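Examination of the molecular architecture
Listed below are the residues making up each chain.
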Amino acid sequence: ATVTGVDAAAENVAVAQSHADASGLSINYRHGDIGAMGLNGYDLVTSMEVIEHVADPALFMQALADALATDGLMILSTPNRTMQSRLLLVEAAERMGQVPRGTHHWDQFITPDELEALANAVGLRVIDRQGLGFSVLRGLELSEDMSLNYLMALVKA
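I will try to describe carefully the structure that is included in this document.

A few words now on the overall build of the chain. Assigned secondary structure in the chain consists of four helices and seven strands. Counting helices and strands in the order they occur from the N terminus, the chain gives β-α-β-β-α-β-α-α-β-β-β. Here the C-alpha atoms of the chain give a radius of gyration of 16 Å, agreeing with the 15 Å that 2.2 N^0.38 yields for 157 residues. Each of the three principal axes of the chain carries a C-alpha extent, and together these read 40 × 35 × 30 Å. Of all 157 residues assigned to the chain, the portion counted as buried reaches 37%.

Okay, here's the thing in structure tokens:
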């Protein structure tokens, strides 16, 4: 496969590139604004735990859709804006040092319905939603419960 990795932070790209080099992987890493890169024609686009950090989620979703080929698959994940996510993902995780203080802003979390509306507005159709939960015995796992975090699969028609 031809793989391109994009991150807004140059230091993240440098770390990812060193991991790829050490593993003998050929990945085209770029840093900057995905919307300014003119990427298109990708069969698969993933954006994991990013959209809740961008200034303009609608513009970001448009850039992701633009990078996707017709009939392509997109997989997104993001925290849900619920009281549970506020207590566990923001308050508890940041207070316990699991996540650096100030990493998350709960009011920027996006509900599944809001994400679906953003996706529909740029020509994407939801084909699946799954919660991402945590089990003491199994760690992170797919779940029907989307109250903390969720994944969404979409296609470009």
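Here we come to the packing of helix α2 (residues 57–67) against helix α4 (residues 112–121). Contact geometry for α2 and α4: axes closest at 9 Å, N-to-C directions at 55 degrees. Of the possible angle classes, the one that applies to α2 and α4 is oblique. Crossing angle aside, the handedness with which α2 passes α4 is right-handed. Contacts from Pro57, Ala58 and Met61 in α2 reach Leu115, Leu118 and Ala119 in α4. For the contact of α2 with α4, the residue count by class is six nonpolar, no polar and no charged.

Throughout the structure, instances matching the rule amount to four salt bridges. Glu116 is paired through a salt bridge with Arg129; the nearest N and O atoms lie 2.3 Å apart. You can see Glu116 sitting in helix α4 and its partner Arg129 sitting in strand β5 (residues 124–135), a full 13 residues away along the chain. Residue class for Glu116 comes out partly exposed when judged on its relative accessible area of 24%. Assessed through its relative accessible area of 23%, Arg129 is described here as partly exposed.

Turning our attention to helix α3 (residues 83–95). Restricting attention to buried positions, one finds in α3 the residues Ser85, Val90, Ala93 and Glu94. Buried residues along α3 cover an arc of 100 degrees about the axis, so they all sit on one side. Opposite the packed face of α3, turned more than 90 degrees from it, sit the exposed residues Met83, Leu87 and Arg95. Following α3 by one or two positions, Gly97 has its phi on the positive side, about 80 degrees.

The next thing to look at is the nonpolar core. Considering soluble globular proteins, one finds that nonpolar side chains tend to be buried as a cluster. In terms of nonpolar packing, the biggest core is built from 24 residues, with Met61, Met74, Leu115, Leu124 and Leu154 touching the most fellow members. Here the element with the most residues in this core is α2; it accounts for six residues. With residues near it in sequence (within four places) discarded, Leu154 still touches Gly72, Leu73, Met74, Leu76, Ala119, Leu124, Arg125, Val126 and Ile127.

Within the secondary structure, Thr82 sits in the loop between β4 (68–79) and α3. Its relative accessible area of 16% is what places Thr82 among the buried residues. Residue contacts for Thr82: discarding those within four places in its chain leaves Trp106 and Ser147.

The rules behind the values
Residues numbered from 1 in each chain as written. Predicted model: local features only at pLDDT ≥ 70, side-chain atom pairs only at ≥ 80, totals over all residues. Heavy atoms only, no water. Helix = DSSP H or I, 4+ residues; strand = E, 2+ residues; numbered from the N terminus. Rg over C-alpha atoms; globule rule 2.2 N^0.38 Å. Buried < 20%, exposed > 50% of the residue type's maximum accessible area, 1.4 Å probe, protein only. Axes fitted to C-alpha atoms, helices over the stretch in contact; angles between N-to-C directions. Parallel < 35°, antiparallel > 145°, perpendicular 65-115°, else oblique. Left-handed = near helix turned anticlockwise from the far one by under 90°. Contact = heavy atoms within 4.5 Å. Nonpolar A, V, L, I, M, F, W, Y, C, P; charged D, E, K, R; others polar. Salt bridge = Lys/Arg side-chain N within 4 Å of Asp/Glu carboxyl O. Arc of directions from axis to C-beta. Core = buried A, V, L, I, M, F, W, Y, C linked by side-chain atoms within 4.5 Å.

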